[in-house]
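Descriptive structure summary
This is what each chain is made of:
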Amino acid sequence: MPDLLDALNPAQKLVARTVSGPLLVVAGAGTGKTRTLVYRLAYLVARADVPPENMLAITFTTKAAEEMRQRITSLCHDGLDLSAMRIGTIHSLCYDILRSYGSNINLPADFTIISPPDRLSIIKNLVNTFPDESGSASPRKYGLHISNEKNALVSYEKTTPLCRAYQEMLERQNLLDFEDLIIKTLELFRTVPAITAELHSRFSHISVDEYQDINAAQYSLLRSLSSPLQNICAVGDADQAIYAFRGALVENFFNFQNDFPGAQVIYLEQNYRSTKTIISAAQQVIKHNKQRVEKELHATRTPGAAIEIWHVPDEIQEAAFVAREIERLLGGTRFETMSSEQEEYVRGFSDIAVLYRLHTQGRQLKKALQQKGIPVEVATTRLLYEEPEIKPVIDFLEVIQNPHNDLALAEILTASSSAIGPKTTEKLSLEAARKGCSLFNVLLDICFASEQPRHPGVRLKAFMDLLTGLIKQSSVISLDKLIREFWEQMFTAETDTHDKLLELITSAMPFCHGPAAKGIPAFLNKISLLKDGETFTTRGEAVTLMTVHGAKGLEFPVVFILGLEDGLFPYRLEQPGGLENDEEERRLFYVGMTRAKEKLYLLHAQNRFLFGERKKMTPSVFLNDIPPAFTNKQHKNPSRKNRKSPSKQMKLF
DNA sequence: CAGGAAGAAATTTTT
DNA sequence: TTTCTTCCTG
């Protein structure tokens, strides 16, 4: 009879067979940790007689939870049933705990989770109420600040008045934010030990994936949750700790053996994902990291193709290069027949990924590749209404809906850079407060005043002429026309219609019957939930474009990494010294470590962000006013360090 | 105007 | 943790 664990290597088997006591699995990238974890769970049930309902598997993302569930389902046959096992994110677990036991800490039974846009608007109000404290921080930024404070478990007494006001606001409305899910559960554990005990007996075996990414709050919760039996299995890789900026503490990973005395440590070092070339390149670099658990990844695959580093003069040629290479790899565009040169590991566009650090890079690249007939799918996390190009449009619609919406109007004004900027807006807002009327009325007054101050006045007048004109039109023309009209007036400098705008208009289609004024309220209500990219379902055969962060844990046969000079730098790498000054070599790590099966290109554009390509869509553009600072940049750009002769190719390893 | 210091922005998940 | 921007100094 074949053993359940036959498919595993010795180290993986060891993990699966460790039934009790604390266990730390130090798992390198591509070592099959999810698979191992799933086999372990199956083993616990099948061989160690742990009832599945006593098991809890915690993942970091819903996507990871879903993957684990699927793997478990496909593993379960021959009478093995793991469906009673609890698999999910720590947030979903807390949500359920609070639903069941929240009344013990006076949490109303009908609490709801605040939606991100609602949260943003609460914070927007508070930022205005506490101008001194927030300084010039945007509501969005301040929202992140609040999250970080809460994730770090900063006590209520020590937080700022704004944070406290925010918290009181939520409580008054029976709302919890995502951080509260953890914090309130901790509070519940502290206040009612009986519930903790009950959960201890419910979940005797706990597994935690991506342990290196947990923050202070999650750590406390996991500690409280782990039973006195301490059957806790933590899996992680310190070398993949890339979320420190949002409060993740790798220290938790290093401290595991202190936190759970007698913990066994098992290393998974057989990499099944990448070629030997990529792994050795990655190892060269990663071994210089300061804080890490020593481990040596062993390649199971052949050396594979060499890593190529290309230097291109600028990002336009960078895009052209990527397009050309993709065509070459696929043997011409999709309309041509496959040529003999087609490389066998690339079967289609979806086998190719292009990574970069910043989303802005993706947008530009998308345009460039699509123009060459290459289908692309851009992975974004941002909500459509949060995109910098779209934000002013939404604000505009809000002002159309209600011209006296001072927040939205101020937002539009503040977004412009030179003449109507934060300073002018602030003055105008103060004026409004003094007069006790809306910002809109103040603007009207200024525009109708006989003498106009030279500088902001002219622009304000132009702005108000446009705005009032469009408000009038909104009761006549349809929503899509109104948006287009606004866009064209606003961004005359833009010749081509923006992709994001098209997405917005597509999602507005259901609300485009009749005059815009009628459709706007319903549309605004809906837009807050739209994620960028969800309006067009381009699923399928397309090149994937995403940030390096977004690519964590994924794999593609061919990977292009853009922008070596723009921050594709391993976050946890030590300062220069370890590897002399070989920039490229050091920069290999991050990428090679986590992805790319066969072929990896690193692109180095010497002159990234050319004039005109990075232009922000602000009302100042609409006013035909190019800020002087922006014009100057053109001359500054060429003086960069580390210049290399263009289009020089070198092969490593 | 070169060069440095200091601050800001960027990477993102959770019902 | 890195890069970009802004402001200041000699």
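Preceding this paragraph is the structure being described.
An account of the accompanying structure is given in this report. (Residues numbered from 1 in each chain as written. Chains lettered and ligands numbered in written order. Predicted model: local features only at pLDDT ≥ 70, side-chain atom pairs only at ≥ 80, totals over all residues. Heavy atoms only, no water.)

1. A word on helix H17 (residues 391–401)
The cut-off we apply is this: For the exposure calls, accessible area comes from a 1.4 Å probe over protein chains only, and a residue counts as buried if that area is under 20% of its type's maximum, exposed if over 50%, partly exposed in between. Strands here mean DSSP runs of E at least two residues long; helices mean DSSP runs of H or I at least four residues long; both are numbered from the N terminus.
Of all 11 residues in H17, nine are buried, a share of seventy percent or more. For H17, every residue scored as buried is listed here: Lys-391, Pro-392, Val-393, Ile-394, Asp-395, Phe-396, Leu-397, Val-399 and Ile-400.

2. Examining the sheet that holds strand E6 (residues 205–208)
Rule in force here: Should DSSP find at least two bridges between two strands, the strands are regarded as paired. As a rule, the C-alpha atoms of each element are fitted with a line to give its axis, helices using only the stretch in contact, and angles between N-to-C directions run from 0 to 180 degrees.
Across the sheet, which stays open at both edges, the six strands sit in the order E3-E2-E6-E7-E1-E8 with parallel pairing between neighbours. Strands at the two margins of the open sheet, each flanked by one partner only, are strand E3 (86–89) and strand E8 (264–268). Between one strand axis and the next, the sheet turns by 15° as a mean value, whatever way the strands run. Alignment of strand E1 (residues 23–27) against strand E7 (residues 231–236), held across four bridges, turns out to be parallel.

3. Overview of the pairing of strand E12 (residues 352–356)
Across the five residues of E12, five count as buried, placing the element largely inside the fold. Side chains of E12 alternate between two faces, with Ile-352, Val-354 and Tyr-356 and Ala-353 and Leu-355 buried alike. Judged from the four bridges that link them, E12 and strand E15 (residues 558–561) form a sheet pairing that is parallel. Bridge pairing links Val-354 to Phe-560 in E15.

4. Focus: the pairing of E3
Our working definition: When the strands point away from the viewer, a crossover counts as right-handed if the path from the first strand over the helix to the second runs clockwise.
The pairing of strand E2 (residues 55–59) with E3 spans four bridges and is parallel. Paired with Thr-59 across the strands is Thr-89, a residue of E3. Running through helix H3 (residues 62–75), the crossover from E2 to the neighbouring parallel element E3 is right-handed.

5. Description of the pattern of salt bridges
Worth spelling out the cut-off: A pair is scored as a salt bridge if a Lys or Arg side-chain nitrogen falls within 4 Å of a carboxyl oxygen belonging to Asp or Glu.
Applying the stated criterion across every chain yields a total of 19 salt bridges. Note that Glu-187 is salt-bridged to Lys-184, the shortest N-O span being 3.9 Å. With a gap of three residues between them, Glu-187 and Lys-184 both fall in helix H9 (residues 178–191), about one helical turn apart. Of the residues examined, Glu-187 reaches a relative accessible area of 26% and is grouped as partly exposed. Overall, Lys-184 belongs to the buried group, its relative accessible area being 13%. For Glu-555, the salt bridge goes to Arg-273, with nearest N and O atoms at 2.9 Å. On the criterion of sequence distance, the pair formed by Glu-555 in the loop between strand E14 (543–547) and E15 and Arg-273 in the loop between strand E9 (270–271) and helix H14 (276–286) is long-range, its members being 282 residues apart. Judged by relative accessible area, which is 37%, Glu-555 ranks as partly exposed.

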